[in-house]
Every structure is written in C-alpha cells, then in structure tokens.
Amino acid sequence: MITFESIYKSFGSNHVLRGVNLTVERGESLVIIGGSGTGKSVLIKTVLGLVEPDSGRILVDGQDVTQVKRDAFLSRFGMLFQGGALFDSMPVWQNVAFRLQRGALKRPLAEAREVAIEKLRRVGLAPDVADRFPAELSGGMQKRVSLARAIATEPKIIFFDEPTTGLDPIMSGVINELIREIVVEMGVTAMTITHDMTSVHTIADKVAMLHRGTIQWCGRQTDMAQSGDPYVEQFVNGRAEGPIETLR
Amino acid sequence: MILIVRALGRLCIDAISALGRLVLFALATLSHVFRPPFYLREFFTALVNVGYLSLPVVGLTALFTGAALALQIYSGGSRFNAPEVVPQIVAIGMVRELGPVLVGLMIAARVTSSIAAEMATMKVTEQIDALVTLSTAPMKYLVMPRVLAGLMAGPILVAVADSIGIFGGFIVATQTLGFNPATYILNTMNFLTSADILSSMAKGMAFGFIATLMGCYYGLNSGRGAQGVGAATKTSVQAAAVLILAANFLLTAVFFTA
C-alpha cells in the first residue's frame with residue numbers, strides 16, 4: 001500500500017504539489033490523470049526519492065520512504081519511463097537484465113541473459129531483439145523493452161509514466177493491454193500517469209485526478225463518467241470550456 | 001551605486017556557492033573510491049576512452065610542439081650565442097610545462113566534452129533517473145569510474161606527451177639544426193631531474209582529475225533539452241580548461257618556488 005500524506009513540492013515560485021493526500025491499495029491499479037505540468041510525474045518521483053518533497057510523508061507498506069534502506073527499498077519497484085530511458089550504450093538484453101548483472105540481485109551472465117530473453121518474449125519481442133541496441137528499435141519496441149526491464153526482477157510495485165506517449169493508436173492499445181495483463185498476472189500494485197483516456201479505461205481500477213497540486217477527484221474507474229465533478233467531466237470529455245483554464 | 005554593489009554581491013555569492021557545490025561534488029566522488037560496489041567494467045571502459053583513445057591526439061600535439069619548441073629555442077638561443085641549449089630547454093619545457101598542459105587541454109577538449117554531453121543526454125532522457133530506480137547510484141556507476149580513469153590515465157598520457165615532445169625536438173635538432181644525436185640524448189638525460197618528472201606526473205594526475213570531474217559535474221547538472229546539453233558541454237570544457245591552467249600555475253608555484 002502506498003500512502004501520500006500532505007505532500008508539498010515547489011520549484012522556485014512554481015508550487016507544483018500543494019498538499020496531495022492519496023492512498024493506493026496493495027494489488028490495485030491506480031491511474032493519475034491531469035493536465036500537462038500538473039505534477040503527476042513529480043508525485044511518482046517523490047516515492048522513488050528522485051524528487052524530495054518539501055513537506056509531507058510517503059508510506060509504502062507502512063514504512064516511511066525516507067527511513068528505509070535505499071537498495072532493498074528500490075528493488076521492490078519497477079518503472080516504465082515516458083521516453084523509455086533505455087541505456088543506449090548497451091544492447092537490449094543488458095538493459096532488461098541491468099539489475100540482474102549487479103548488486104544484490106546479481107546472477108550469472110548466462111542466467112541473466114536467459115531471464116532477459118524470457119521477459120522480452122513476455123512483452124511480445126522476439127529473442128533476436130536482445131542483441132540489438134535501443135537506437136535500432138521503433139518507439140513501440142522501445143516501450144516494450146522498457147516494460148520488460150521494469151518487470152525483469154518481478155517487482156511488487158510498478159510505475160508507468162505516460163506509457164503510450166508518442167505511439168500510434170494501435171500500438172497504444174497493444175501497450176495498454178500488455179500493461180493490464182502484466183499487472184493482473186503479477187498481482188502488483190501499479191500507478192500509472194497518463195492523459196490518454198484509452199489507457200485509463202484499459203489499465204485503471206481506480207482513478208485520481210490531479211489539478212492545481214491537489215487531488216481533485218478520486219474514485220473507481222467505473223464511477224468516473226458519473227463523478228459529477230466538473231473538472232473530471234471537462235478532462236474526460238476533452239472540452240476546452242469548463243473550470244480548467246486553457247490557453248488558446 | 002547600491003544597485004551595482006548589490007549586483008556585485010550577488011555575483012560573489014553565486015560564484016562562491018558554485019565553487020562550494022563543485023567542491024562537495026568532488027568530495028562526494030572521492031568518498032566513493034574506497035566504498036563498494038566497484039564497477040570494474042565501467043572503469044576499464046572509461047580508462048580506454050580517457051587514456052588509450054586520447055593517445056593519437058596527445059601524441060601528435062606533443063610531437064609538433066616539441067619540434068616547434070626546438071626551432072624556437074635554437075633561433076632565440078642564437079641571439080645570445082647559446083643555440084646549444086636546445087636539448088635542455090626542450091626537455092625542461094616539455095616535462096615541466098608543455099607536456100602536462102597540452103595533455104590537460106587535449107583531454108579537456110576530447111574527454112570533458114564527451115563525458116558532459118553523454119551525461120547531460122542521459123539526464124535529459126531520464127536515463128539517470130532510470131539508474132536510480134534500478135538501485136544504482138549514478139555517482140558510483142557513472143562518475144567514480146570516469147574520475148578514477150582520469151586520475152590514472154593523466155600521468156600516463158603526460159609521460160607519453162613528454163617523451164614524444166622531446167622526440168619531436170630531437171628529430172628537428174638532429175635532422176635540420178645539425179645536433180649530434182648521441183650528445184642530444186645525453187644532454188637531455190643529464191639535465192632532467194627526478195623532481196621534474198615527478199612534478200609532471202603529479203600535474204597529469206591533477207589535470208586528469210579536473211577534466212573528468214568537470215565533465216561529470218556539468219553533465220549531471222545540465223539543463224533541459226538540446227540547449228541544456230549544449231550549454232553543459234560548452235561550460236564543462238571552458239571550466240576544465242581554466243581550472244587546468246590555474247592548477248598548473250599553483251602546482252608550478254608549489255614545486256618550483258618552494
């Protein structure tokens with residue numbers, strides 16, 4: 001379970017998070033929606049220690065994330081970055097097996113490669129992709145490799161940051177389905193950031209909308225259409241008119 | 001008037017805080033040298049990049065500089081009837097000053113820029129964040145191997161530059177200025193002291209450290225987008241070059257005036 005308690009974060013005069021309170025239950029798939037620049041990525045990064053909140057507390061299974069042993073703590077997480085964030089200096093299989101080649105989870109080279117190929121197969125990539133470099137792959141393939149890396153060590157919690165950005169609608173659908181399958185199959189707790197409503201419908205058990213640095217609305221995905229919240233309605237229906245200010 | 005004083009004050013505070021951040025970064029890097037885990041593969045890759053692949057540019061620069069130095073010393077020495085000092089001055093000039101400084105500036109141009117651009121790109125494309133989420137500290141995985149490689153490759157490159165520079169002077173002196181090869185070598189060997197060679201190696205170590213550290217520091221602290229990568233690369237090379245020349249002055253003062 002992940003609990004955010006009154007999280008505040010500012011970058012200079014830009015107050016990104018203004019008291020976020022949110023709970024993600026174990027085994028639940030929560031999708032955070034909200035406009036660009038509303039702090040969705042910042043919120044996820046506070047859990048992993050990539051961004052330090054100005055105030056507030058984040059608990060993962062009851063443990064304060066600032067009080068844990070970093071390596072062991074991070075080994076419970078997997079993350080799919082918006083742009084893939086694959087290491088372009090190493091071949092695909094080494095990207096996928098990165099954690100299995102060093103640190104506490106280190107395994108023999110042949111075994112690490114075997115796991116990488118198995119994970120690549122799980123995300124629909126052929127074994128021959130293993131020896132290619134990330135720059136030789138299409139955007140969709142890079143996302144799949146990044147997904148394979150995120151699940152390589154079978155983490156308990158996975159974060160997906162804009163998983164379908166930059167992909168065509170068909171590939172977006174494929175990635176969404178893949179994420180849903182993996183989340184259900186592995187029984188992980190998942191947090192996904194997106195403004196793609198197709199992703200929301202496919203991936204989410206629960207949806208939270210972040211607006212002006214706070215959680216505007218949070219509820220079951222099935223209740224979203226009848227939320228009665230004008231902000232959610234405007235966002236979901238993609239309307240320019242409504243309480244959310246838009247630049248035209 | 002107050003505005004000018006305020007602007008000057010802000011400039012001083014910014015400069016001091018930038019220096020403070022850099023010193024803390026250097027100390028943090030050094031603190032990782034003796035703490036596991038050690039990424040040997042990354043270290044050897046960095047050693048090849050910083051050292052081995054810099055050999056051609058360092059060698060060629062030193063060769064031509066040594067040759068030009070011999071011509072200059074011969075021409076200048078002739079003015080006061082002392083053209084025979086060419087071997088001694090080429091040796092001392094290359095070993096004490098030109099060898100280390102040329103190596104420092106060449107690796108600032110070649111290595112600092114490439115490290116800064118690589119790390120800045122990694123930062124912009126979230127690869128640095130990805131490293132952290134994969135339980136790998138960027139300071140340990142990216143910075144420490146490169147800085148350690150700079151520390152080790154610096155003296156070796158300087159030794160190569162010194163030797164090739166002296167060889168360049170030797171070729172010009174014996175082929176065009178009429179020096180006897182055996183006498184030239186003897187004069188060079190007799191004139192150089194172990195203190196000259198040690199100071200040269202120490203400078204190489206310091207310049208290797210500065211060049212790699214600047215690349216890592218500006219790369220990891222780059223701004224966003226292509227502009228951020230470009231700015232980090234440019235600033236890292238400028239800072240490395242200036243710091244190398246300043247460190248050269250300080251080290252020369254310490255070694256030869258103390």
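Treat the numbers as computed from the prediction; the structure is a model and nothing was measured.

Colleague: Pulling in residues and values, what's your account of the interface of chain A and chain B?
Modeller: Facing 22 residues of chain A, the contacting portion of chain B comprises 16 residues. In total, about 1600 Å² of surface goes out of reach between chain A and chain B, with carbon and sulfur atoms giving 57% of it. Where chain A packs against chain B, one counts two salt bridges. Of the charged contacts, one joins Asp129(B) and Lys45(A) as a salt bridge, the two residues approaching to 3.4 Å between their closest N and O atoms. At the boundary of chain A with chain B, the tally comes to four residue pairs in polar contact (both at pLDDT 80 or more). Only α1 (40-48) and α2 (70-74) of chain A provide two or more residues apiece to the side of chain A that touches chain B. Broken down by class, the residue content of the side of chain A that touches chain B amounts to nine nonpolar, five polar and eight charged.

Colleague: So what's going on with the packing of aromatic side chains? Which residues, and what values?
Modeller: Residue and element names in this part refer to chain B. The final tally for this structure, using the stated rule, is 13 aromatic pairs over all chains. For the pair tyrosine 39 and tyrosine 141, a centre-to-centre distance of 5.1 Å together with 85 degrees between the ring planes defines the contact as edge-to-face. Pair noted here: tyrosine 39 is in the loop between α1 (2-31) and α2 (40-50) and tyrosine 141 is in helix α6 (residues 138-175), with a separation of 102 residues, a long-range link. A single burial state applies to tyrosine 39 and to tyrosine 141, both of which are buried. Residues phenylalanine 170 and tyrosine 184 carry aromatic rings whose centres are separated by 5.5 Å and whose planes lie at 70 degrees to one another, so their mutual orientation is edge-to-face. Separated by 14 residues along the polypeptide, phenylalanine 170 in helix α6 and tyrosine 184 in helix α7 (residues 181-191) bring together distant segments of the chain.

Colleague: Report on the pairing of strand β6 (residues 77-80) of chain A, specifying residues and quantitative values.
Modeller: Taken residue by residue, a regular strand's side chains alternate between the two faces of the sheet. Residue and element names in this part refer to chain A. Of the two faces of β6, the one carrying Phe77 and Met79 and the one carrying Gly78 and Leu80 are both buried. Pairing of β6 with strand β7 (residues 157-161) involves four bridges; the strand directions are parallel. Bridging across to β7, phenylalanine 77 finds its partner in isoleucine 157.

Each value, and the rule that gives it
- Residues numbered from 1 in each chain as written.
- Chains lettered and ligands numbered in written order.
- Predicted model: local features only at pLDDT ≥ 70, side-chain atom pairs only at ≥ 80, totals over all residues.
- Heavy atoms only, no water.
- Contact = heavy atoms within 4.5 Å.
- Buried area = accessible area lost by both parts, 1.4 Å probe.
- Salt bridge = Lys/Arg side-chain N within 4 Å of Asp/Glu carboxyl O.
- Polar contact = N/O pair within 3.5 Å; in protein donor to acceptor, adjacent residues only side chain to side chain.
- Helix = DSSP H or I, 4+ residues; strand = E, 2+ residues; numbered from the N terminus.
- Nonpolar A, V, L, I, M, F, W, Y, C, P; charged D, E, K, R; others polar.
- Phe/Tyr/Trp six-rings, centres within 6.5 Å; stacked < 30°, edge-to-face > 60°.
- Buried < 20%, exposed > 50% of the residue type's maximum accessible area, 1.4 Å probe, protein only.
- Pairing = 2+ DSSP bridges.

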